[in-house]
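As a plain string of letters, each chain reads:
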Amino acid sequence: MAAPGSGGAGRAENGYGSQRRKGPGALATTYLVIYNVVMTAGWLVIAVGIVRAYLTKGSYHSLYYSIEKPLKFFQTGALLEILHCAFGEMYCGYVTETLSLADNSETTENDGDIEGIVPSSVVLTAFQVMSRVFLTWAVTHSVKEVQNEDSVLLFVVAWTITEIIRYSFYTFSLLNHLPYLIKWARYTLFIVLYPMGVSGELLTIYAALPFVRQAGLYSISLPNKYNFSFDYYTFLILVMISYIPIFPQLYFHMLHQRRKVLSHAEEHKKSE
């Protein structure tokens, strides 16, 4: 499930301490800027591909094929974000939102120095990234029959807009020059994009179920020498059920973060 969540909430609440937050070194900053610029450009390529295919075909059906390769490449490239969190110095995370990068000057303070590349929950970030990679490869790629479904375009469009904004946000934050418009978009458009993406993901998994069951895809039946069985059909149902407790928590957490970040930004603008 790809959306905004909570691993850094504790830091956000204590992010106005007196001790200045230790920033990334020059090498780490350069790497992260390059990474985020490349990812922004990649998702822009996907966006252009969607628009161009629509204008060429005059229909939104089957647009997935026009952006299949870059989608797989750049979504899989997000796996590097797990490593960024593991080495932890600057903000990362698919859903982990803190105030540390919400403003160029006022919100870069924290209650302690952090070493590494990006401070965040590795487990939470891994969950967020792997859920998208899973949907990209284990569902959409593996079950060819769902690639024509409108639900695929639904989550692809939501992901594309979200990622263009997200990586732009990170890039400008790293450069200490974050435009208010990007900050506003980062903390506002998710209100529509998150439910849109989740709906597309769930509908796509649901559409894949009968084909998975019919083909026995990725399933292991007994008897076998390992005395182990696995039913991928049931697993997908459990994945869908897992959205029920997770989605509201992440969504309302992000709404809470939006109020904190944007209200603080408004106060800072008035003080200037």
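All values derive from a computational prediction rather than experimental measurement. (Residues numbered from 1 in each chain as written. Predicted model: local features only at pLDDT ≥ 70, side-chain atom pairs only at ≥ 80, totals over all residues. Heavy atoms only, no water.)

Another aspect to go through is the overall build of the chain. Helices and strands together make up the secondary structure of the chain, namely nine helices and zero strands. For the chain, the sequential pattern of α-helices and β-strands runs α-α-α-α-α-α-α-α-α. A fraction of 84% describes how many contacts in the chain between residues 6 or more apart in sequence connect residues 24 or more apart. Counting every atom, the chain has about 13,100 Å² of accessible surface; 66% of that belongs to carbon and sulfur. (Helix = DSSP H or I, 4+ residues; strand = E, 2+ residues; numbered from the N terminus. Contact = heavy atoms within 4.5 Å. Areas by Shrake-Rupley, 256 points an atom, 1.4 Å probe, with all protein chains shown as cover.)

Here we come to the pattern of salt bridges. Counted according to the given criterion, the structure contains four salt bridges. Between Lys72 and Glu68 there is a salt bridge whose closest N-O contact spans 2.7 Å. One end of the pair, Lys72, and the other, Glu68, are both in helix α3 (residues 64-77), four residues apart, so they sit about a helical turn from each other. Among the salt bridges present, the one from Glu81 reaches Arg166, with a minimum N-O distance of 3.0 Å. (Salt bridge = Lys/Arg side-chain N within 4 Å of Asp/Glu carboxyl O.)

Going from Leu222 to Pro223, the amide bond is cis rather than trans, its omega being 0 degrees. Inspection of the secondary structure puts Pro223 in the loop between α8 (190-215) and α9 (232-271). One non-glycine residue, Asn176, adopts positive backbone phi at about 55 degrees. What makes Asn176 exposed here is its relative accessible area of 53%. (Buried < 20%, exposed > 50% of the residue type's maximum accessible area, 1.4 Å probe, protein only.)

We now examine the packing of helix α5 (residues 122-141) against α8. When two helices pack together, their arrangement is given by the angle between their axes and by how far apart the axes lie. In the contact formed by α5 and α8, the axes pass within 10 Å of each other and the chain directions differ by 30 degrees. When the axis of α5 is compared with that of α8, the two are roughly parallel. When you trace α5 past α8, the crossing you get is left-handed. For the pair α5 and α8, contact is made by Leu135, Val139 and Thr140 and by Glu201, Thr204, Ile205 and Ala208, respectively. Looking at the contact of α5 with α8, its residues break down into four nonpolar, two polar and one charged. (Axes fitted to C-alpha atoms, helices over the stretch in contact; angles between N-to-C directions. Parallel < 35°, antiparallel > 145°, perpendicular 65-115°, else oblique. Left-handed = near helix turned anticlockwise from the far one by under 90°. Nonpolar A, V, L, I, M, F, W, Y, C, P; charged D, E, K, R; others polar.)

Here the focus is the nonpolar core. In a soluble, globular protein the nonpolar side chains are often hidden away together inside. Among the nonpolar cores identified, the biggest contains 52 residues, and Trp43, Leu71, Ile205 and Val212 are the most heavily contacted of them. Mapped by element, the contributors of at least two residues to this core are α2 (26-57), α3, α5, α6 (150-174), α8 and α9. Not counting residues within four places of it along the chain, the set of residues in contact with Ile205 comprises Leu135, Val139, Leu236, Val239, Met240 and Tyr243. (Core = buried A, V, L, I, M, F, W, Y, C linked by side-chain atoms within 4.5 Å.)

To continue, consider the packing of α5 against α6. Following both chains from N to C, one finds α5 and α6 inclined at 150 degrees, their axes separated by 13 Å at the closest point. One element, α5, and the other, α6, form an angle in the roughly antiparallel class. As α5 packs across α6, the resulting crossing turns out to be left-handed. Residues Arg132, Leu135, Thr136 and Thr140 of α5 form the contact with α6, whose own contacting residues are Val152, Phe155, Trp159, Thr162 and Glu163. Broken down by class, the residue content of the contact of α5 with α6 amounts to four nonpolar, three polar and two charged.

All right, on to the side chain of Ser168 then. Here Ser168 shows up in helix α6. A polar contact is formed between the side chain of Ser168 and the backbone oxygen of Ile164, at a distance of 2.6 Å. Discounting residues that sit within four places of it in the chain, Ser168 has contacts with Thr40 and Ile182. (Polar contact = N/O pair within 3.5 Å; in protein donor to acceptor, adjacent residues only side chain to side chain.)

On the surface, a cluster of nonpolar side chains totalling about 380 Å² of accessible area is made up of Tyr31, Leu80, Leu83 and Phe87. Per element, the largest residue contribution to the nonpolar patch is three residues, and it comes from helix α4 (residues 80-87). In this fold, Leu80 is placed in helix α4. Owing to a relative accessible area of 35%, Leu80 belongs among the partly exposed residues under this scheme. (Patch = residues over 30% accessible without salt bridge, like charges linked within 9 Å, V, L, I, M, F, W, Y side chains within 5 Å.)

This next bit is on the environment of Lys183. Relative to the elements of secondary structure, Lys183 occurs in helix α7 (residues 180-186). Residues Lys183 and Val261, 78 residues apart in the sequence, show an inter-C-alpha distance of 8.7 Å.

A turn of α-helix holds 3.6 residues, and therefore any two residues three or four places apart point the same way. The terminal C-alpha atoms of α8, which comprises 26 residues, lie 36 Å apart, in line with the 38 Å expected from a rise of 1.5 Å per residue. Largest kink in α8: about 35 degrees, centred on Leu209, with the proline Pro210 one to four residues after it. (Expected span 1.5 Å × (residues − 1). Bend = angle between axes of the 7 residues up to and from the residue.)

Listing the buried residues of α4 in full gives Glu81, Ile82, His84 and Cys85. One side of α4 carries all its buried residues, which in axial view fall inside an arc of 155 degrees. Residues of α4 that are buried make contact with α2, α5 and α6. (Arc of directions from axis to C-beta.)

Spatial relationships are all this shows, so hold off on functional conclusions.
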